[in-house]
2 protein chains.
Amino acid sequence: MTEATVQPRPGGRSARVRAAVHRAVGELLAEEPAEVLTIPAIAARAGVHATTVYRRWGSLAQLLADVATSRFSGDVVVPDTGSLVGDLERWTGDVATDLADPDVLALMRATIGSGPEGGCACTADRHAQLGAIIERERARGGKVPSVERAVDGLLGPLYYRAIFSGEPASGEWARGLVAPLLAAV
Amino acid sequence: MTEATVQPRPGGRSARVRAAVHRAVGELLAEEPAEVLTIPAIAARAGVHATTVYRRWGSLAQLLADVATSRFSGDVVVPDTGSLVGDLERWTGDVATDLADPDVLALMRATIGSGPEGGCACTADRHAQLGAIIERERARGGKVPSVERAVDGLLGPLYYRAIFSGEPASGEWARGLVAPLLAAV
């Protein structure tokens, strides 16, 4: 993939550069200490010019936010078990499973470390999913916690454990966060 | 502070190097994007050789963990209001105040980004303080939540909001986390 290659579809090359750069980020995170993750190193791994990366993403922070948004969107499915408690227990268990993946943790840590917007890029889709689960129950006429309370009670402990405490987060522990939240409604 | 300066107390130079390097980390975090935070940049700012920093701390991750452990130990006082609810409300409010400081957030993000142990360095003392508050109430004969539940219910939302959601964490919101935790005991 050289700069001189003739591309029949302009979008084709752009999409390939994006895929190569995203893949390079994942590879470097899996192999190297976090401080080696720089735009020149990512560009070299992806086989593109560093200037291409700077022009397209602007900074390491924006590149990692793009990779994280892409990685953490649509990867966990909003369940439909027919009850709020069932949906929330399934969903927290799935999020805990995702957060047990070392590659996920490495990407999250690097994205957080790269700038103030990094954390949001990792969890914006989780917020939206939690909001959707609660809204569906409200539409069914059920009693629901506020989304803020649900974020505090579910996403708070899940992500705290992943990033701060180093304790393993089992599916059983994660599902156990749901009952106290709903008991207080 | 050159390498050739004669030091009457050997511990004196070592302590000064440590202070200069810790201060350099804080200054660079306040001024520059996170990707500029490298050991050569820190050493240059501190006026010491990069080899001195590598020899003493080994890696950026270990240096930042040392800075974070030092910064986040003993900075929030364990209160003694005479009741568990009073102690926890005072303490969560103080932690929320600390987490509203942009310099604190920049140090936490960089420490998390530098490696897997970074998060623990930021919160190990908070865990210990929360354990101490709960243990004192238990010794008084009061009913207490487990430390695990308290971590999930208090530290989880506090640190999630600081790192992930970008929402401001008011003292009122933070103190409001205590009642649901104690209601479930």
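Numbering of residues begins from 1 in every chain and follows the order in which that chain's sequence is written. Numbering of ligands from 1 and lettering of chains from A proceed in the order in which they are written. Totals for whole chains, interfaces and linings use all residues, but because this is a predicted model, local features are given only for residues with pLDDT of at least 70 and pairs of side-chain atoms are given and counted only at 80 or more. The basis for every side-chain value is the complete set of heavy atoms in the structure, and neither hydrogens nor water enter the calculation.

- The name an unreviewed UniProt entry assigns to chain A is TetR family transcriptional regulator, from the organism Streptomyces olivochromogenes.

## A few points about the packing of helix α2 (residues 39-46) of chain B against helix α3 (residues 50-57) of chain B
Residues and elements named next belong to chain B.
Part 1 of the argument: Here, axes are lines fitted to C-alpha atoms. For helices the fit covers the stretch in contact, and angles between N-to-C directions go from 0 to 180 degrees. Helical segments are the DSSP runs of H or I of at least four residues, strand segments are the runs of E of at least two, and each set is numbered from the N terminus. Contact geometry for α2 and α3: axes closest at 8 Å, N-to-C directions at 115°. Here α2 is positioned roughly perpendicular relative to α3, judged by the angle of their axes. Note on packing geometry: the crossing formed by α2 with α3 is right-handed. Across from I39, P40 and A43 in α2, the residues of α3 making contact are A50, V53 and Y54.
Part 2 of the argument: Classification convention: Asp, Glu, Lys, Arg as charged; Ala, Val, Leu, Ile, Met, Phe, Trp, Tyr, Cys, Pro as nonpolar; all other residues, Gly among them, as polar. Looking at the contact of α2 with α3 residue by residue, the classes come out as 6 nonpolar, no polar and no charged. Oblique is the label for every angle not falling under 35 degrees (roughly parallel), over 145 degrees (roughly antiparallel), or within 65 to 115 degrees (roughly perpendicular). Crossing chirality is assigned from the near helix's rotation relative to the far helix, an anticlockwise turn below a right angle marking it left-handed and a clockwise turn marking it right-handed. Note on definitions: a residue-residue contact is assigned when non-hydrogen atoms from the two residues lie within 4.5 Å.

## Some details on the domain arrangement of chain A
The extent of an interface is frequently quoted as the accessible surface area lost upon association of the parts.
All names here are of chain A.
Part 1 of the argument: Domain annotation of chain A identifies domain 1 (10-58) and domain 2 (71-183).
Part 2 of the argument: A straight line from the C-alpha centre of domain 1 to that of domain 2 covers 29 Å.
Part 3 of the argument: If you look at the interface, domain 1 gives 4 residues, while domain 2 gives 4 residues.
Part 4 of the argument: Taken together, both faces of the contact between domain 1 and domain 2 bury some 240 Å²; the carbon and sulfur share is 85%.
Part 5 of the argument: Any Lys or Arg side-chain nitrogen located within 4 Å of an Asp or Glu carboxyl oxygen qualifies as a salt bridge. Inspection of the region where domain 1 meets domain 2 yields 0 salt bridges.
Part 6 of the argument: Counted as a polar contact is a pair of N or O atoms within 3.5 Å, where, for protein atoms, one must be capable of donating a hydrogen and the other of accepting one, and residues adjacent in sequence contribute only when both atoms are in side chains. Put simply, domain 1 and domain 2 have 0 residue pairs in polar contact (both at pLDDT 80 or more) between them.
Part 7 of the argument: Partitioning the side of domain 1 that touches domain 2 into residue classes produces 4 nonpolar, no polar and no charged. The split into domains, and so the bounds of each, comes from an automatic or database assignment of domains. The term buried area refers to how much accessible surface (probe radius 1.4 Å) is lost by two components on association, counted for both of them together.

## Overview of the UniProt feature "DNA-binding region" (unreviewed entry) in chain A
Part 1 of the argument: What UniProt calls "DNA-binding region" (unreviewed entry) maps, in this numbering, to residues 38-57 of chain A.
Part 2 of the argument: Along residues 38-57 of chain A one finds 80% helix and 0% strand; the C-alpha atoms at either end are 13 Å apart. UniProt positions are given in the numbering used here, feature names are shortened, and annotations may be inferred rather than shown by experiment.

## A look at the relation of the copies chain B and chain A
Part 1 of the argument: Residues reaching a pLDDT of at least 70 in both copies supply the C-alpha atoms on which the copies are superposed by least squares. For these two chains of identical sequence, chain B goes onto chain A by a turn of 180° and a shift of 0.0 Å along the axis, with RMSD 0.0 Å. Viewed as a symmetry operation, the transformation between the two copies matches a two-fold axis.
Part 2 of the argument: Comparing interface residues between copies, 100% of those in chain B also sit at the interface in chain A, which points to an isologous, same-surface contact.

## Regarding the UniProt feature "domain: HTH tetR-type" (unreviewed entry) in chain A
Part 1 of the argument: If you check UniProt for "domain: HTH tetR-type" (unreviewed entry), the listed places come out as residues 15-75 of chain A in our numbering.
Part 2 of the argument: Between the end C-alpha atoms of residues 15-75 of chain A there is a gap of 20 Å, over a span that is 74% helix and 0% strand.

## Some thoughts on the layout of surface pockets
Using a probe with the size of a water molecule, rolled over the atoms, empty space left in the structure can be pinpointed.
Part 1 of the argument: As defined here, a cavity is a set of points on a 1 Å grid over the protein atoms alone where a 1.4 Å probe fits but cannot get out. A pocket is an open set with protein on both sides within 12 Å along at least five of seven lines, and residues line them when an atom is within 4 Å of a point. Grid points are joined across faces, edges and corners, and a volume is the space filled by probe spheres set on the points. Looking at the largest pocket, its volume works out to about 460 Å³.
Part 2 of the argument: Surrounding the largest pocket, 24 residues form its lining, G153(A), P180(A), R149(B), G153(B) and P180(B) being those nearest its centre.
Part 3 of the argument: Broken down by secondary-structure element, the contributors of at least two residues to the lining of the largest pocket are α8 (147-165) and α10 (178-183) of chain A together with α8 (147-165) and α10 (178-183) of chain B.
Part 4 of the argument: Its residues placed into classes, the lining of the largest pocket shows 14 nonpolar, 4 polar and 6 charged.

## Looking at the environment of I134(A)
All names here are of chain A.
Part 1 of the argument: By secondary structure assignment, the location of I134 is in helix α7 (residues 118-139).
Part 2 of the argument: For each residue, the accessible area found with a 1.4 Å probe, counting protein chains only, is set against the maximum for its type, and the residue is called buried under 20%, exposed over 50%, and partly exposed in between. For I134, a relative accessible area of 0% corresponds to the buried category.
Part 3 of the argument: Separated by 100 residues in sequence, I134 and A34 have C-alpha atoms that sit 37 Å apart.
Part 4 of the argument: With residues near it in sequence (within four places) discarded, I134 still touches V144, P145, S146, V147 and A150.

## What about the interface of chain B and chain A?
Part 1 of the argument: If you look at the interface, chain B gives 35 residues, while chain A gives 35 residues.
Part 2 of the argument: Contact between chain B and chain A buries roughly 2,700 Å² in total, counting both sides, with carbon and sulfur atoms accounting for 61%.
Part 3 of the argument: By the criterion of area lost to chain A, the three top residues of chain B are R109(B), Y160(B) and F164(B), representing 26% of everything that side buries.
Part 4 of the argument: Where chain B packs against chain A, one counts 4 salt bridges.
Part 5 of the argument: Residue R161(A) pairs with E148(B) through a salt bridge whose shortest N-O separation is 3.3 Å.

## Thoughts on the confidence of the model for chain A
Residues and elements named next belong to chain A.
Part 1 of the argument: Note: pLDDT gives the predictor's confidence per residue, expressed from 0 to 100. Confidence along chain A averages 91 in pLDDT terms, with 95% of residues attaining 70 or more.
Part 2 of the argument: Looking over chain A, one finds the lowest element-wise mean pLDDT in helix α1 (residues 10-31), namely 89, and the highest in α8, namely 97.
Part 3 of the argument: Under a pLDDT of 50 for its full length, residues 1-8 has, in the predicted model, 10 contacts with residues more than four places off or in other chains.

## Quick word on the environment of R161(B)
Part 1 of the argument: Relative to the helices and strands, R161(B) is located in helix α8.
Part 2 of the argument: Note: C-alpha distance between R161(B) and L99(B) (62 residues apart in sequence) is 9.2 Å.
Part 3 of the argument: Ignoring any residue separated from it by four or fewer positions in sequence, one finds R161(B) in contact with E148(A), D152(A), G166(B), E167(B), P168(B), A169(B) and W173(B).
Part 4 of the argument: Within the structure, the side chain of R161(B) is placed 3.4 Å from the side chain of E148(A), a separation counted as a polar contact.

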